[in-house]
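Chains, contacts and geometry: an overview
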Amino acid sequence: GADGSNTAGTGVFLSNANNVSLNGMTITNHQNYGIRGSQVDGFRMTFSLVGGVNGTNGATPFNEGSVSFIGTPTTGYGLRGTVAFLDNEITGGLQRNVSIDNATGTMNLNFLRNNVHHTNDLIFGDDGFAIEVDTSAVMFANVSNNTFTAHRGDHFNLSLVNNANADLTFKNNDMQGGAPQALGQGVLIFGASYNGTLKYDISNNGTVADPFTGNVQGGAIHVNKGSGTGTFSGKIENNVIGDPAVTGSGSAQAFGIIASARGAGGSHTTLINNNMV
């Protein structure tokens, strides 16, 4: 299918669709996207595989990958409503494995027990799971008990823009490196020019027996309030970052944990407690 086509090159295409449920699907090797959605209200995917290699063009505006719910300036949202990704394997995205954005309405997301791995393209390879919450959107997200492996960008990236509000739980995830020429392989939460409110709980990721390893740049866990009047509050607790027997295994070029606030306005209040770094 031609880049940007709505009729060819994509496994599942959803537009202006409500309450879609996919169970036990196998969706592999598509020229554009495994799953592509815009203006989707309510989505559930369980016990499914999105794999192979999905996408041939990672340049904007195409940003091809395995699962992509991206709105347009006109529609304002890719995915919202009640959303669940449960017990899936998602891999092979040219750019990202899972990408969701929303600029209007509310999304209640459960992303649980998924195996998300490998974005290895040396030009376009990026995040395992990326969410952008923009403008007036509200998001409640529970991202827990997943395995993230070998992403050239971040394992998980949450971008906060304008006046959106977000509540994130990120717990009990197993995260490892492995992507060739990786740039990130961490957890990045970032509010640039952001005036909304973020609450977060990042805890119990990695264990002594199976620590979170493989971050390169940016920090293994990085929560950054940028410019604007945004209010951040949360905790980073009981995470195990790096193998103590392997120097630099937590983060090769950055820090284990970064909690920061930039700009003249807003605030960032956080508890950092009982982590092994």
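Preceding this paragraph is the structure being described.
Residues numbered from 1 in each chain as written. Predicted model: local features only at pLDDT ≥ 70, side-chain atom pairs only at ≥ 80, totals over all residues. Heavy atoms only, no water.

1. A word on the overall build of the protein chain
Looking only at helices and strands, one finds 0 helices and 22 strands in the protein chain. Expressed along its principal axes, the backbone C-alpha trace of the protein chain runs to roughly 50 × 40 × 30 Å. Contacts spanning at least 24 positions in sequence make up 79% of the contacts within the protein chain whose residues lie at least 6 apart. When the accessible area of the protein chain is evaluated, it comes to approximately 10,900 Å², of which 50% is carbon and sulfur surface. Charged side chains in the protein chain number 11 positive and 18 negative. The centres of these two groups are separated by 7 Å. (Helix = DSSP H or I, 4+ residues; strand = E, 2+ residues; numbered from the N terminus. Contact = heavy atoms within 4.5 Å. Areas by Shrake-Rupley, 256 points an atom, 1.4 Å probe, with all protein chains shown as cover. Lys, Arg positive; Asp, Glu negative; His and termini not counted. Charge placed at Lys NZ, Arg CZ, Asp CG, Glu CD.)

2. Overview of the side chain of Gln185
Residue placement: Gln185 occurs in the loop between strand E16 (174–176) and strand E17 (187–194). In this structure Gln185 comes out as buried when scored by relative accessible area, which is 2%. Of the polar contacts made by the side chain of Gln185, one reaches the backbone nitrogen of Ala179; its length is 3.1 Å. At 2.8 Å, the side chain of Gln185 and the backbone oxygen of Gly214 are in polar contact. (Buried < 20%, exposed > 50% of the residue type's maximum accessible area, 1.4 Å probe, protein only. Polar contact = N/O pair within 3.5 Å; in protein donor to acceptor, adjacent residues only side chain to side chain.)

3. Quick word on the pattern of salt bridges
Side chains bearing opposite charge may pair, as long as their charged atoms lie close to each other. One pass over the full model with this rule turns up 6 salt bridges. Of the charged contacts in the structure, one is a salt bridge between Arg113 and Asp87, with a shortest N-O distance of 2.8 Å. Pair noted here: Arg113 is in the loop between strand E9 (106–112) and strand E10 (115–119) and Asp87 is in the loop between strand E6 (79–86) and strand E7 (89–91), with a separation of 26 residues, a long-range link. Note on Asp87: relative accessible area 23%, which makes it partly exposed. The salt bridge involving Asp127 is made with Arg96; its shortest N-O contact spans 3.6 Å. Placement of the pair is Asp127 in the loop between E10 and strand E11 (129–133) and Arg96 in the loop between E7 and strand E8 (98–102), with a sequence separation of 31 residues. Here Arg96 falls in the partly exposed class, since its relative accessible area comes to 23%. Salt bridges linked by common partners bring Arg96, Asp126 and Asp127 together as one network. (Salt bridge = Lys/Arg side-chain N within 4 Å of Asp/Glu carboxyl O.)

4. A short note on the pairing of strand E20 (residues 231–237)
In the sheet, strand E18 (residues 197–203) pairs with E20 via 7 bridges, with the strands oriented parallel. When the sheet's bridge partners are listed, Leu198 is paired in E20 with Phe232. In terms of strand pairing, E20 meets strand E22 (residues 267–273) through 7 bridges, oriented parallel. Within E22, the residue paired with Glu237 across the bridge is Asn273. (Pairing = 2+ DSSP bridges.)

5. Brief notes about the sheet that holds strand E13 (residues 147–151)
Spatially, the 6 strands line up as an open sheet ordered E2-E4-E7-E10-E13-E16, and their pairing is parallel. Only two strands of the sheet have a single partner each, and these edge strands are strand E2 (26–28) and E16. Ignoring strand direction, the axes of neighbouring strands in this sheet form an average angle of 10°. (Axes fitted to C-alpha atoms, helices over the stretch in contact; angles between N-to-C directions.)

6. Comments concerning the environment of Gly219
Secondary-structure assignment places Gly219 in the loop between E18 and strand E19 (221–225). Under the relative-accessibility criterion, Gly219 is labelled buried at 4%. In contact with Gly219, not counting residues within four places along its chain, are Gly186, Val187, Ser251, Ala254, Phe255 and Ile258.

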